[in-house]
Amino acid sequence: MSSNSPIFELRQITKNFGKLTAVDHIDLVIAEGEFLTIVGPSGSGKTTIVRMLAGMETPTSGDLMLRGKRINDLPANKRPTCMVFQSLALFPHRSVGENIEFPLKMSGVDKRERRERALELLRQLQLPEDYYGKNVTKCSGGERQRVALARALAFDPEILFFDEPLSAIDYKLRKTLEKELKDIHRETGKTFIYITHSLEEAMVMSDRIGVLKAGRFVQVGTPDEIYSKPANKFIAEFMGDVNIIPVKSSGTGKLISPYFEESIVPPIGSDITAGYLVIRPEFLRFVSGKSDADNVIAGKLYNEYALGSRVQYQVRVGEHVFIVEKLRQQAPAAGTDSGVMIGWDAKDSVMVGN
Amino acid sequence: MGRFRLSQGLKCGLPVILFLLAGFVAPLLAVVTYSFMPPRSFGITNNPTLANYAEIFISNTYIAFYWSLLFAFITVSILTVICYPIAYGMVRVFGRWAAVITLLFTIPLFVSENVRLYGWVLFFIKNGVLLGSIRSLFGYNFDSLLFTKGMVLLGMVYVYLPFMLFPMSLGVAMVPNDTREAAADLGATRWQVFREIELPLSMPGAVIGLLLSFVLAVGSISESKILGGQVIIPITHDIEIAFTYAQNWPLGAALAVMLMVVVGSLVLIVLRRFDLDVILGKR
């Protein structure tokens, strides 16, 4: 998707810890100025990848290229990169200002200039200027977050890494900080590489998402591509509430499923003969007759959950539960335990392998 | 009797409180009271007097204070220089050997201090382990190394080393690895990481070790007696003499109180410079 030149390139990167292979022959090209998010469950190797990029681990094999130069053995303090840690790793014995100034002090910038730059960063991150002398341990979670980011920006790196910095923050503040981070990405134009276990978080911020499983990328693409065309069942499941139905070809151009009698019109262009049909909850709709959608199944409305602007329904078809999501104003009049028909169009479903 | 009900915490603390009252506060009060009694008296019901304190300031006991404080100070300085690298190594470098080294430093603690000091005597005495071996192997004859100030210092450094080392290594272990990595990531060289992050963040442990070994070293007596042959007379020796040979309990008590005041003020001065909460780990 990126027209920019590559800044970082991973060629067949592998990292073993003893007998464990944390990262397994990974290839990835990171474009200058992009916001790339690496998503994966814990233990998938995402932190290891970033620690290798930052210079805190050395790859077991493969080449790490920064603008075409191999940097496998370049130590962290010589790389134009900076990491915002999950723990933030603020220096507890230093004030907010001293924390932010730290990289400048290390490179020998004089005191007055350091202070000016720190105050500038405090303003940019919407922290009051009198926080300069504040004890960093006395700051709130969100403030500490901003201090950590300010400190990283003070280093003026070309690439910033984020190792799940928002995971310990409550939902509302996290949403705010996600947007702020994206704004700062725009303002600075730097390359951001972000790690999270939440695909939802990745969707909000990223230009591109790489989904990692057991040390390998399962899919790399724009949020849109990942959302609408998940590469396999793992990614589809990883995205949260979604309907995944095991299916196989009936031999007559249709699909059959063990969950119900009706045969299914497959999505166009799919050449998978046995796998899973993925249907997003918002693509399912309540219908009144067989002709209202490509596929229609009868079931029983089992339960409903209010999700703010949307309502989620559970519809039982035999033993299987379908999840349907509708905007509040499109909610059907049917009560629980009443028979309903749900339907979807073939174009709104995706076939995936395992 | 509802009014006298004790809170749960107080009930749990009661045994310790009683023990400390009987075993610590009462003797301390007795010593303080004795220090105000007339010289060479043995009761605590006489009219209070400052005669003992006057005696301390008139006489030359300041020399003993000087030796005690000076040797404690030198001991702690040497220990700081020796122990920090070992502590750092135990936490960061030695890996699984750290347990072995910890054990090596701990095992001698199971042997009485005096026995260990007499061990040193046998080692350094004329015709002892060291000099005897040199003589029989190389034919050189040295005078005994014992009964010198340097030997007293060696003994003190040796005896108080664990009390500096273990709090110090705890301090080094308290430095979060993240902060170390973050500093390097932000462009700090190894030396800068040490100076800016590791050293200040390990200070709480180091300060506890410093205070602990200083207080113990000021109160030391066996080293100067056994290894030093009384080449110096520490204040603890004066106190012991006052209570035993001289049979002047009030003077001994006054000396003890003076020592507590001097050491206590020094400790307070150090603690004022370091946040006690940080030292106790309540960040």
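Here is what the cut-offs are and how they apply
- Residues numbered from 1 in each chain as written.
- Chains lettered and ligands numbered in written order.
- Predicted model: local features only at pLDDT ≥ 70, side-chain atom pairs only at ≥ 80, totals over all residues.
- Helix = DSSP H or I, 4+ residues; strand = E, 2+ residues; numbered from the N terminus.
- Buried ≥ 20, exposed ≤ 12 C-beta atoms within 10 Å, placed from the backbone.
- Rg over C-alpha atoms; globule rule 2.2 N^0.38 Å.
- Contact = placed C-beta atoms within 7 Å.
- Expected span 1.5 Å × (residues − 1).
- Bend = angle between axes of the 7 residues up to and from the residue.
- Pairing = 2+ DSSP bridges.
- Axes fitted to C-alpha atoms, helices over the stretch in contact; angles between N-to-C directions.
- Nonpolar A, V, L, I, M, F, W, Y, C, P; charged D, E, K, R; others polar.
- Parallel < 35°, antiparallel > 145°, perpendicular 65-115°, else oblique.
- Left-handed = near helix turned anticlockwise from the far one by under 90°.
- pLDDT = per-residue confidence, 0-100.
- Core = buried A, V, L, I, M, F, W, Y, C linked by C-beta atoms within 7 Å.

**Description of the overall build of chain A**
No. 1: Along the backbone of chain A there are eight helices and 20 strands.
No. 2: Across the 354 residues of chain A, 37% fall into the buried class.

**Regarding the overall build of chain B**
No. 1: Summing up its helical and strand segments, chain B has 13 helices and zero strands in all.
No. 2: For chain B, the sequential pattern of α-helices and β-strands runs α-α-α-α-α-α-α-α-α-α-α-α-α.
No. 3: In terms of C-alpha radius of gyration, chain B reaches 24 Å, well past the compact-globule figure of 19 Å for 283 residues.
No. 4: Overall, the C-alpha framework of chain B stretches about 75 × 70 × 35 Å when taken along its three principal axes.
No. 5: In chain B, buried positions account for 33% of the 283 residues.
No. 6: When contacts within chain B are restricted to residue pairs at least 6 apart in sequence, long-range pairs at least 24 apart make up 72% of them.

**Brief notes about helix 9 (residues 190–218) of chain B**
No. 1: Between its first and last C-alpha atoms helix 9 of chain B spans 37 Å; for 29 residues at 1.5 Å apiece the expected length is 42 Å, and the helix comes up short by more than 12%.
No. 2: A maximum bend of about 50 degrees is found in helix 9 of chain B at M203 of chain B, where proline P204 of chain B lies one to four positions downstream.

**Things to note about the sheet that holds strand 3 (residues 35–39) of chain A**
Hydrogen bonding along the main chain pairs the strands of a sheet, whether they run parallel or antiparallel.
All names here are of chain A.
No. 1: Pairing is mixed in the open sheet, where six strands are placed in the order 6-7-8-3-9-10. Only two strands of the sheet have a single partner each, and these edge strands are strand 6 (81–84) and strand 10 (216–221). Within the sheet, the average angular offset between the axes of one strand and its neighbour, ignoring direction, is 20 degrees.
No. 2: Here strand 7 (residues 159–163) pairs with strand 8 (residues 191–196) via five bridges, running parallel. Bridge pairing in strand 8 places I159 opposite T191.

**Focus: the sheet that holds strand 16 (residues 295–307) of chain A**
Residue and element names in this part refer to chain A.
No. 1: A sheet is described by the order of its strands in space; here five strands give the open sequence 15-19-16-17-18, paired in antiparallel fashion. Either end of the sheet is taken by a strand with one partner, and the two such strands are strand 15 (285–287) and strand 18 (320–327). Direction aside, the axes of adjacent strands within the sheet are offset by 50 degrees on average.
No. 2: Inspection of the sheet shows strand 15 paired to strand 19 (residues 339–344) by three bridges, in the antiparallel sense. The partner of R285 across the bridge, within strand 19, is G343.

**Here's the deal with the pairing of strand 6 of chain A**
All names here are of chain A.
No. 1: Across the two faces of strand 6 the burial is the same, with T81 and M83 and C82 and V84 all buried.
No. 2: In this sheet, strand 7 lies alongside strand 6 in parallel orientation, the contact comprising four bridges. Looking at strand 7, one finds that C82 is bridged to L160.

**A look at the interface of chain B and chain A**
No. 1: Listed by partner, the interface residues are 16 residues for chain B and 19 residues for chain A.
No. 2: Sorting the residues of the side of chain B that touches chain A by element identifies helix 8 (177–185) and helix 9 of chain B as the ones contributing at least two each.
No. 3: Per-element tally for the side of chain B that touches chain A: the top contributor is helix 8 of chain B, with six residues.
No. 4: Counted by class, the side of chain B that touches chain A contains eight nonpolar, four polar and four charged residues.

**Quick look at the packing of helix 2 (residues 96–106) of chain A against helix 3 (residues 111–124) of chain A**
All names here are of chain A.
No. 1: Running from N to C, helix 2 and helix 3 cross one another at 125 degrees; their axes reach a closest spacing of 9 Å. Of the possible angle classes, the one that applies to helix 2 and helix 3 is oblique. Crossing angle aside, the handedness with which helix 2 passes helix 3 is right-handed. Where helix 2 approaches helix 3, its residues G97, I100, E101, L104 and K105 are matched on the opposing element by R114, R117, A118 and L121.

**Some words on the confidence of the model for chain B**
Residues and elements named next belong to chain B.
No. 1: In this model, chain B carries an average pLDDT of 90, and 95% of its residues clear a pLDDT of 70 or more.
No. 2: Confidence drops under a pLDDT of 50 for residues 279–283, and excluding neighbours within four residues, the segment shows eight contacts in the predicted structure.
No. 3: Interface scoring of the predicted complex returns ipTM 0.80; its pTM is 0.79.

**Re the packing of helix 3 (residues 62–93) of chain B against helix 9 of chain B**
Residue and element names in this part refer to chain B.
No. 1: For the pair helix 3 and helix 9, interaxial distance at closest approach is 9 Å and the crossing angle is 145 degrees. Crossing of helix 3 over helix 9 shows right-handed handedness. Where helix 3 abuts helix 9, its residues S68, L69, F71, A72, T75, V76, L79, T80 and C83 lie against G209, L210, S213, F214, A217 and V218.
No. 2: In terms of residue class, the contact of helix 3 with helix 9 is built from 10 nonpolar, five polar and no charged.

**A few points about the environment of F243 of chain B**
All names here are of chain B.
No. 1: Position of F243 relative to the elements: it lies in helix 11 (residues 235–243).
No. 2: F243 sits in the partly exposed class, given 17 other C-beta atoms within 10 Å.
No. 3: Taking the C-alpha atoms as reference points, F243 and A253, 10 residues apart in sequence, are found 8.2 Å from one another.
No. 4: Setting aside residues no more than four positions away along its own chain, F243 makes contact with W249 and G252.

**Comments concerning the environment of R67 of chain A**
No. 1: The topology assignment puts R67 of chain A in the loop between strand 4 (61–66) and strand 5 (69–70).
No. 2: Counting along the chain gives 35 residues from R67 of chain A to E32 of chain A, while the straight-line C-alpha distance between them is 9.5 Å.

**Details of the nonpolar core**
No. 1: Residues V84, F161 and I193 of chain A together with C83, A87, Y160 and L255 of chain B are the most contacted members of the largest nonpolar core, which totals 148 residues.
No. 2: When residues in this core are grouped by element, the largest group, 13 residues, is from helix 7 (residues 149–173) of chain B.
No. 3: With residues up to four places along the chain from it excluded, the contact list for A87 of chain B reads L165, M168, S169 and V172 of chain B.

**Notes on unusual backbone geometry**
No. 1: Unlike most non-glycine residues, L88 of chain A shows phi in positive territory, near 75 degrees.
No. 2: Considering the arrangement of structural elements, one finds L88 of chain A in the loop between strand 6 and helix 2.
No. 3: You will see that F147 of chain B, though not glycine, has its phi angle at about 60 degrees, which is positive.
No. 4: Position of F147 of chain B relative to the elements: it lies in the loop between helix 6 (129–138) and helix 7.

**Re the environment of I101 of chain B**
Residue and element names in this part refer to chain B.
No. 1: Mapped onto the secondary structure, I101 falls in helix 4 (residues 97–106).
No. 2: For I101, a count of 15 C-beta atoms within 10 Å corresponds to the partly exposed category.
No. 3: Remark: the alpha-carbon pair of I101 and F42, spanning 59 residues in sequence, is separated by 50 Å.
No. 4: Residue contacts for I101: discarding those within four places in its chain leaves M90 and F94.

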